Amino acid sequence: MDTKGISLKSLFFAAGSIHLATAALGTLVALEIAANGGTQEEASLVASSYSLGFLIGCFYIGAPIARIGHIRAFSAAAALCVICTLLLTETSVSPAIMLARFFTGLATAGLYGIVDAWINETAEDQSRGRILSVYSIVLGVSSIVSQGLVILYDEDYNGAFVACSGLYCLAIMVLVFARTEPGRPEQTAKIRILSVFKTSPTAFVGAFVNGFLVTIILNIVPFHASELGLGSTIIATIISMIYLGRVILQYPLGAASDKMDRRYVIIAVSAVLSIVFLLLAIFSPRDGSHLTGAGAPALQVLFIITSLVIGGTLLPVYSLLTAHAMDRTVPVYVGSTVVTLLFVFSVGGVAGPLVNAGFATVFGDAAMIWLCGGLSGLFAVFAFYRTKRQDPTPRAEHATVRPGVQTSVQMAPLEKR
């Protein structure tokens, strides 16, 4: 019997279950805050709390896992997620929600780290690329399907939180029956902030900007949309389309970047993203009145189409940035560069909601779209400036791109040829 194959199926199922809950909670928590009369500042602080927990978990969870083993650590982390998620059914106090989301982020980083390390240990060299492709697809599909929970439990947020808790429990049940014994995860690669910035300023700055924007779009936009008067079903559909945009454009953009200077692809998608945000800032309704009138269905469809473009130009950028950094990295520092960019992305995820909270306080909730559009445009200008300051990497020195996601330091999606 192929025990490795069985273990990989268990790992994929457990990862899909965890990601279903994780992606759904990003939307549900924002909608719950809106339903309880919270402010965008509160929603931003809650989102930043989760990102901070995830950042700490990514870089400091390895040692405890090594001491107690994968299965026990996974069970403990998933159980902590269950406790924190159920806590959301019992409180609407912002500090309590922030604390719950912080520990959820901490535990979720551990869950991804365990699964990623386990997959790397189980996968054989000749099939690693195919296995990582399947893993990427599992997470992509789970992201899209996760919004079905929001639709299924239409405004019954407590019921949705209980369902997410059940998904964590299901992941534990599946993983404890895996038939291979994984090795111990070791984070040997070091964070090299200055070196990576000097080697590839575009990738470094871009990773920060991408984390900044992704956290705002996936965790605060649902709140803003709810405040404009959109129902939870439409909001969930919009977020699903954002995730679908990534699935549709990830590989075409990656293939295009392999045939040219990757920076031009990065500049193009960043410029498109900036234009879309700025058009939304100019033409989107301020008070939600247009979303409930006679023309509401057509406007909602337009929002859904726009979200597909946003997802397709925002979410795949991290892989392009990592590939660009790999093009300029000597093989011995590949692991350190991947870990450093994940760190920078995570710091952006913490900073984004905090900066947005400040903008919302001073300029109002609508400033969020202007902030996203302006930052995307500034990064596109910066990346273009770098093309004039630094020659492109020769094609022979391009990295070999493997599909991957920014889930943990245990997953290095790229390597040099």
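What you are looking at is a predicted structure, and each value in this text was computed from that prediction instead of being measured.

## Comments concerning the packing of aromatic side chains
- All told, the structure shown has eight aromatic pairs when counted by the stated rule.
- Seen in terms of ring centroids, Phe 12 and Tyr 135 are 6.2 Å apart; in terms of plane orientation they differ by 20°. Their pairing is stacked. Of this pair, Phe 12 sits in helix H1 (residues 3-35) while Tyr 135 is found in helix H6 (residues 128-152), placing the two residues 123 residues apart along the sequence.
- Ring geometry for Tyr 318 versus Phe 345: centroids 5.1 Å apart, planes at 70°, classification edge-to-face. Taken together, the residues Tyr 318 in helix H14 (residues 317-327) and Phe 345 in helix H15 (residues 334-363) connect sequence positions 27 residues apart. Both residues of the pair, Tyr 318 and Phe 345, belong to the buried class.
- Taken together, the aromatic side chains of Tyr 50, Phe 54 and Tyr 112 make up a single cluster linked through ring pairs.

## Here's the deal with empty space enclosed by the protein
- Within this structure, the stated rule accounts for six cavities of 30 Å³ or more.
- When its volume is computed, the largest cavity comes out at roughly 280 Å³.
- Val 221, Leu 280, Phe 303, Ile 310 and Ile 369 are the residues nearest the centre of the largest cavity, which is lined by 17 residues in total.
- When residues of the lining of the largest cavity are traced back to their parent elements, those giving at least two are helix H10 (221-227), helix H11 (232-258), helix H12 (262-283), helix H13 (296-314) and helix H16 (367-389).
- Take the lining of the largest cavity: its biggest share by element is four residues, from H13.
- Along the lines of polarity and charge, the residues of the lining of the largest cavity split into 13 nonpolar, four polar and no charged.

## Digging into the packing of helix H4 (residues 70-87) against helix H5 (residues 94-122)
- Remark: H4 packs on H5, axes separated minimally by 8 Å, with the N-to-C direction vectors making an angle of 155°. Taken as axis vectors, H4 and H5 run roughly antiparallel relative to one another. The chirality of how H4 crosses H5 is left-handed. Between H4 and H5, the contacting residues are His 70, Ile 71, Ala 73, Phe 74, Ala 77, Ala 78, Leu 80, Cys 81, Cys 84 and Leu 87 on the first element and Ala 96, Ala 100, Phe 103, Thr 104, Ala 107, Thr 108, Leu 111, Ile 114, Val 115, Ala 117 and Trp 118 on the second.
- In terms of residue class, the contact of H4 with H5 is built from 18 nonpolar, three polar and no charged.

## A look at a nonpolar patch on the surface
- A surface patch of nonpolar side chains, about 560 Å² in accessible area, is lined by Ile 275, Leu 279, Ile 282, Phe 283 and Trp 370.
- In terms of residues, the nonpolar patch owes the most to one element, H12, which gives four residues.
- Along the chain, the position of Ile 282 falls in helix H12.
- On the basis of relative accessibility, which here comes to 47%, the residue Ile 282 falls in the partly exposed class.

## Comments concerning the packing of helix H9 (residues 201-219) against H14
- One can describe the packing of H9 onto H14 by two numbers: an axis separation of 9 Å at closest approach and a directional angle of 160°. Here H9 lies roughly antiparallel to H14, going by the angle between them. Handedness of the crossing formed by H9 with H14: left-handed. Counted together, Thr 202, Ala 203, Gly 206, Ala 207 and Asn 210 of H9 and Val 317, Tyr 318, Leu 321, His 324 and Ala 325 of H14 form the full contact between these two elements.
- The residue inventory of the contact of H9 with H14, partitioned by class, reads six nonpolar, four polar and no charged.

## A look at the confidence of the model for the chain
- On average, residues of the chain score 85 in pLDDT, and 83% of them are at 70 or above.
- Predicted confidence in the chain is weakest over strand E2 (residues 414-416), with a mean pLDDT of 46, and strongest over H9, with 96.
- pLDDT under 50 marks residues 413-417. Its contacts with residues more than four places away, or in other chains, come to 27 contacts.

## Thoughts on the environment of Leu 320
- With respect to the helices and strands, the residue Leu 320 is situated in helix H14.
- Taking the C-alpha atoms as reference points, Leu 320 and Val 265, separated by 55 residues in sequence, lie 8.2 Å from one another.
- Beyond its immediate chain neighbours, meaning those up to four positions away, Leu 320 contacts Leu 253, Gly 254, Ser 257, Arg 262, Val 265 and Ile 266.

## A look at the state of the cysteines
- In the structure shown here, the tally under the stated rule is zero disulfides.
- With no disulfide of its own, Cys 81 lies 6.8 Å from the sulfur of Cys 84, the closest cysteine sulfur.
- For Cys 81, a relative accessible area of 0% corresponds to the buried category.

## Some remarks on the nonpolar core
- By size, the foremost hydrophobic cluster in this structure holds 118 residues, and its most contacted members are Leu 28, Phe 74, Leu 111, Ile 119, Tyr 135, Tyr 168 and Ile 217.
- Sort the elements by how many residues they give to this core and H1 lands first, with 17 residues.

Each value, and the rule that gives it
Residues numbered from 1 in each chain as written. Predicted model: local features only at pLDDT ≥ 70, side-chain atom pairs only at ≥ 80, totals over all residues. Heavy atoms only, no water. Phe/Tyr/Trp six-rings, centres within 6.5 Å; stacked < 30°, edge-to-face > 60°. Helix = DSSP H or I, 4+ residues; strand = E, 2+ residues; numbered from the N terminus. Buried < 20%, exposed > 50% of the residue type's maximum accessible area, 1.4 Å probe, protein only. 1 Å grid on protein atoms, 1.4 Å probe; cavity = no way out; pocket = protein on both sides within 12 Å on 5 of 7 lines; lining within 4 Å. Points joined across faces, edges and corners; volume = space filled by probe spheres on them. Nonpolar A, V, L, I, M, F, W, Y, C, P; charged D, E, K, R; others polar. Axes fitted to C-alpha atoms, helices over the stretch in contact; angles between N-to-C directions. Parallel < 35°, antiparallel > 145°, perpendicular 65-115°, else oblique. Left-handed = near helix turned anticlockwise from the far one by under 90°. Contact = heavy atoms within 4.5 Å. Patch = residues over 30% accessible without salt bridge, like charges linked within 9 Å, V, L, I, M, F, W, Y side chains within 5 Å. Areas by Shrake-Rupley, 256 points an atom, 1.4 Å probe, with all protein chains shown as cover. Salt bridge = Lys/Arg side-chain N within 4 Å of Asp/Glu carboxyl O. pLDDT = per-residue confidence, 0-100. Disulfide = S-S within 2.5 Å. Core = buried A, V, L, I, M, F, W, Y, C linked by side-chain atoms within 4.5 Å.

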